Amino acid sequence: MNNSYIFKSPIGLLKIEEEDSKIIGVSLQQKEMDFVQSQKFIQHSDLLYEAYRQLQEYFSEKRKQFQLPISGKGTIFQQAVWKALQNIPYGETRSYEDIAIAVKNPKAARAIGQANNRNPILIIVPCHRVIHKNGDITGFGCGTKIKKYLLDLEKRNKKAIAQ
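Worth saying up front: this structure is predicted, and the values here are computed from it rather than measured.

Looking only at helices and strands, the protein features six helices and five strands. The buried share among the 163 residues of the protein stands at 41%. Considering only residue pairs separated by 6 or more positions, the protein has 58% of its internal contacts joining residues 24 or more positions apart. Only carbon and sulfur atoms are counted for the fraction: they give 50% of the accessible area of the protein, which is about 9,400 Å².

Mapped onto the elements of the fold, Gly139 is located in the loop between strand S5 (130-131) and helix H6 (144-162). Classification of Gly139 as exposed rests on a relative accessible area of 53%. Here Gly139 is in contact with Tyr96 and Lys147, once residues within four sequence places are set aside.

With 39 residues, the main nonpolar core has Val26, Leu85 and Ile123 as its most contacted residues. Among the secondary structure elements, those contributing two or more residues to this core are strand S1 (2-9), strand S2 (12-19), strand S3 (22-29), helix H2 (46-59), helix H3 (76-85), helix H4 (96-102), helix H5 (109-117) and H6. A per-element tally of this core places H2 first, with six residues. Leave out the neighbours within four places in its chain, and Val26 touches Leu14, Lys15, Ile16, Leu55, Pro120, Ile121, Leu122 and Ile124.

Rules used in this analysis
- Residues numbered from 1 in each chain as written.
- Predicted model: local features only at pLDDT ≥ 70, side-chain atom pairs only at ≥ 80, totals over all residues.
- Heavy atoms only, no water.
- Helix = DSSP H or I, 4+ residues; strand = E, 2+ residues; numbered from the N terminus.
- Buried < 20%, exposed > 50% of the residue type's maximum accessible area, 1.4 Å probe, protein only.
- Contact = heavy atoms within 4.5 Å.
- Areas by Shrake-Rupley, 256 points an atom, 1.4 Å probe, with all protein chains shown as cover.
- Core = buried A, V, L, I, M, F, W, Y, C linked by side-chain atoms within 4.5 Å.

Structure representation (structure tokens):
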């Protein structure tokens, strides 16, 4: 059974999807109507609520790691990339080349970008933490403004913790 919940976040409407007791998607929604329709459902699963709660904590700078069962649907290569993304520490970035090396395919930087683009579980699987080797932050499906917001949120919070 596939359940979903849409909520307003600092970056826009986010949709959380659940199937077989795992989070299978977190995506940015473009249509306000989707939000209105999702609010008609009175009851949501405990897992959807927990994912919502953890995302809210992330945006309020109280959560650095997610503790949720996830299952992104993709190829073996994509899943390897998404697993490598989860190893990027909060508040840090890695290059596409770094991820290619991590998945033992050092010449696959472009393929890493494609797998990153197909990541179905935004934020929880932190594809926003992957940047170009020269520091450029382009290449984010939700736009560079949102990518910059997420990176700045994490860097600001990481600095506050260190002080």
